[in-house]
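What follows is each chain in one-letter form.
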Amino acid sequence: MNKNVLFIHTTGDWWESRYQYKQIPALKKAGYNVIHLIKNQDTSACSNCNFIKVSSRKTRATGGLNLLFKTLKLNIKIIQICNIETLPLGIILSVFFRKKVFYDCIEDHYSSMLYSKTNHPIFIRKLFAELVFILERIAEKTFVGFITSDPYIYEFHRLIRKEKKMIFYNMPALRVFHNFETKESKQFDLVVLGSMSIRTGVLDVLRAIVELRKDNIIVSIKLIGDPFKDKELGVEVKRILTENNIKEQISISGRIPFYKVPLELSKCRIGLIPLLDLPKFQNNIAMKQWEYWALGLPVIASKLKPQEYFIKDGYNGLFYKPGNIEDLKLKIIQLIQNPAMIKMLGENGRKKFKEEWNSENQEKKYVDFYTLLLKNQDYFEAELPPIKI
């Protein structure tokens, strides 16, 4: 069996952990030779990686068709499409050149196009959402396999047989987090990790901190992400910090590479997932919950269906009503004033991470998925809800 694989990943950074540090190493360990086609960027930190660099702008504008001849020249039979932008290329390669194409679909692109791109008029968003919907339906009928990141996306893609799709939960790796054991002394009470916008609930967290301060409860928080990338959010963050005199309680690290996340999280006591009750977040799982548990942090999360798959209230975290600042405040107080509960919830989450909820287990599934489908055999996903906790 030909074991050369081409990853086409032309948006985002090369060091995105799902590909460069999880899926690609798993395939290499299983004997596959992988070439990683990425957007043009600095890759000096990975001198031994097998990269091909291309123009991201041209690729997005052409649906990846500008890469057709380059891809054919490589003469690689197995292709993994990692971005929605290059689906047209994947469809052409599958239908007309008989390539074995896999697609890693990591989010609900239809809802994202329709509800998240609010800087565009609604008719433009509807147009792109429908275009994405059509492209993914064609891919379902023509690709060898679909890799998804959560149960909603798995079920959403109904035209492809269940035996040809899998869930690769984007869990952190034991090999990355094992050196960062939990410590008793912490620099920050709370942490929010990940991309930040008005939609992700960061403002609710800051407002809860303001309300806590009014009650003479001073808590510190670390924001691991960039709240100023979203201009609207950045303006509100500055206003809240200045008007309420809480600047000294907030530390903002900016966006950091994934390999620096464990060290930053190890400084914190409680992980927050403050997502708002919006269509995208009603469907997709927040990866940060597993990263919190990997460092023994209990989770306080807005109660949305995707978070209920793995968070059990009172076992490894607490829920609050999405958008309800008073409820969030009460849950923070409940943990801050109960160190024993922090320890219990955090240890329960860390135990599940060590035993089951880690990337190493997902990587084994992933290699099995590739191997079976390339032999024209069926794969059966074993980690569908309800998840045993």
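One can find the structure itself at the top, above this paragraph.
What this report covers is the structure whose coordinates are included nearby. (Residues numbered from 1 in each chain as written. Predicted model: local features only at pLDDT ≥ 70, side-chain atom pairs only at ≥ 80, totals over all residues. Heavy atoms only, no water.)

## Section: the overall build of the protein
- Within the protein, the regular secondary structure consists of 16 helices and 13 strands.
- For the protein, with 389 residues in total, the buried portion stands at 56%.
- Considering only contacts within the protein whose residues lie at least 6 apart along the sequence, 69% involve residues at least 24 apart.
- Summing over all exposed atoms, the protein offers an accessible surface of approximately 17,600 Å²; the carbon and sulfur share of this is 53%.
- Distance between charge centres in the protein, computed from 60 positive and 41 negative side chains, equals 6 Å. (Helix = DSSP H or I, 4+ residues; strand = E, 2+ residues; numbered from the N terminus. Buried < 20%, exposed > 50% of the residue type's maximum accessible area, 1.4 Å probe, protein only. Contact = heavy atoms within 4.5 Å. Areas by Shrake-Rupley, 256 points an atom, 1.4 Å probe, with all protein chains shown as cover. Lys, Arg positive; Asp, Glu negative; His and termini not counted. Charge placed at Lys NZ, Arg CZ, Asp CG, Glu CD.)

## A few points about helix H14 (residues 325–336)
- Spanning 12 residues, H14 covers 16 Å between terminal C-alpha atoms, matching the ideal 16 Å at 1.5 Å per step.
- Every buried residue of H14 is accounted for by Asp327, Leu328, Lys329, Lys331, Ile332, Ile333, Leu335 and Ile336.
- Elements that come into contact with the buried residues of H14 comprise strand S8 (188–193), helix H9 (202–214), strand S11 (268–273), strand S12 (299–302), strand S13 (317–320) and helix H15 (339–355). (Expected span 1.5 Å × (residues − 1).)

## Thoughts on the packing of aromatic side chains
- Across all of its chains, the model carries 23 aromatic pairs by this definition.
- Ring plane angle 80° and centroid distance 6.4 Å describe the contact between Tyr103 and Phe143, whose orientation is recorded as edge-to-face. In this pair, Tyr103 is assigned in strand S5 (residues 100–105) and Phe143 in the loop between helix H6 (122–142) and strand S6 (145–148), connecting sequence segments 40 residues apart.
- Judged by its relative accessible area of 1%, Phe143 falls in the buried class.
- One aromatic cluster in this structure is built from Tyr32, Phe102, Phe168, Tyr366, Phe369, Tyr370 and Tyr379.
- The ring of Tyr154 carries the charged tip of Lys165 above its face, separated from the ring centre by 4.5 Å. (Phe/Tyr/Trp six-rings, centres within 6.5 Å; stacked < 30°, edge-to-face > 60°. Lys NZ or Arg CZ within 6 Å of the ring centre and 35° of its normal.)

## Describing the packing of helix H5 (residues 109–116) against H6
- In contact at an axis separation of 8 Å, H5 and H6 are set at 175° when each is read in the N-to-C sense. Here H6 runs roughly antiparallel to H5, going by the angle between their axes. Contact residues: His109, Tyr110, Met113, Leu114 and Tyr115 in H5; Ile122, Arg125, Lys126, Phe128, Ala129, Glu130, Val132, Phe133 and Glu136 in H6.
- For the contact of H5 with H6, a count of residues per class yields 9 nonpolar, 1 polar and 4 charged. (Axes fitted to C-alpha atoms, helices over the stretch in contact; angles between N-to-C directions. Parallel < 35°, antiparallel > 145°, perpendicular 65-115°, else oblique. Nonpolar A, V, L, I, M, F, W, Y, C, P; charged D, E, K, R; others polar.)

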